[in-house]
Amino acid sequence: MDYGTFQGILTIVVMVTFVGIFFWAYSKHSKSKFDEAANLVFADDDKPTTSQDSGEQK
């Protein structure tokens with residue numbers, strides 16, 4: 001197997017991987033998980049943020 005054949009096979013493997021990731025990212029199954037993860041920053045946290053071990057002064 002020469003270098004050109006290896007490059008061709010590697011190009012096809014990378015292209016198939018890219019197309020697989022593309023379809024995974026835009027599938028309807030993943031949309032709900034991504035929407036939930038996007039809204040995590042807005043979730044209220046009822047736990048106190050300071051603790052005695054954190055070294056912060058009260």
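About the cut-offs
Residues numbered from 1 in each chain as written. Predicted model: local features only at pLDDT ≥ 70, side-chain atom pairs only at ≥ 80, totals over all residues. Heavy atoms only, no water. Helix = DSSP H or I, 4+ residues; strand = E, 2+ residues; numbered from the N terminus. Buried < 20%, exposed > 50% of the residue type's maximum accessible area, 1.4 Å probe, protein only. Areas by Shrake-Rupley, 256 points an atom, 1.4 Å probe, with all protein chains shown as cover. Phe/Tyr/Trp six-rings, centres within 6.5 Å; stacked < 30°, edge-to-face > 60°. UniProt positions renumbered as here; feature names shortened; annotations may be inferred. Salt bridge = Lys/Arg side-chain N within 4 Å of Asp/Glu carboxyl O. Patch = residues over 30% accessible without salt bridge, like charges linked within 9 Å, V, L, I, M, F, W, Y side chains within 5 Å. Contact = heavy atoms within 4.5 Å.

A closer look at the overall build of the protein chain
Part 1 of the reasoning: A tally of helices and strands in the protein chain yields two helices and zero strands.
Part 2 of the reasoning: Out of the 58 residues belonging to the protein chain, those deemed buried represent 2%.
Part 3 of the reasoning: In the structure as shown, the protein chain presents an accessible area of about 6,000 Å², 63% of it carried by carbon and sulfur atoms.

Observations concerning the packing of aromatic side chains
Part 1 of the reasoning: Under the criterion given, the structure shown has three aromatic pairs.
Part 2 of the reasoning: Summarising the aromatic geometry, the rings of phenylalanine 22 and phenylalanine 23 are spaced 5.8 Å apart at their centres and angled 75° between planes, so their arrangement reads as edge-to-face.
Part 3 of the reasoning: For phenylalanine 22, a relative accessible area of 41% corresponds to the partly exposed category.
Part 4 of the reasoning: Note on phenylalanine 23: relative accessible area 56%, which makes it exposed.
Part 5 of the reasoning: Pairing phenylalanine 22 with tyrosine 26 gives two aromatic rings, centres 5.0 Å apart and planes at 45°, and the pair type is tilted.
Part 6 of the reasoning: With relative accessibility at 66%, the residue tyrosine 26 sits in the exposed group.

Observations concerning the UniProt feature "transmembrane region" (unreviewed entry) in the protein chain
Part 1 of the reasoning: The positions that UniProt labels "transmembrane region" (unreviewed entry) are, in the present scheme, residues 6–26.
Part 2 of the reasoning: Along residues 6–26 one finds 95% helix and 0% strand; the C-alpha atoms at either end are 30 Å apart.

Re the pattern of salt bridges
Part 1 of the reasoning: In this structure the tally under the stated criterion is one salt bridge.
Part 2 of the reasoning: The partner of lysine 31 in a salt bridge is aspartate 35, and the shortest N-O contact between them spans 3.0 Å. Taken together, the positions of lysine 31 and aspartate 35, both in helix H2 (residues 28–38) and four residues apart, correspond to about one turn of that helix.
Part 3 of the reasoning: The class of aspartate 35 is partly exposed, set by a relative accessible area of 37%.

Details of a nonpolar patch on the surface
Part 1 of the reasoning: A cluster of nonpolar side chains, Ile12, Met15, Val16, Phe18, Val19, Phe22, Phe23 and Tyr26, forms an exposed patch at the surface whose accessible area comes to about 910 Å².
Part 2 of the reasoning: Structurally, the position occupied by tyrosine 26 is in the loop between helix H1 (3–25) and H2.

Concerning the side chain of serine 30
Part 1 of the reasoning: Take serine 30: it is sitting in helix H2.
Part 2 of the reasoning: Sequence-distant contacts of serine 30, that is, excluding residues within four places in its chain, are made with Trp24 and Ala25.

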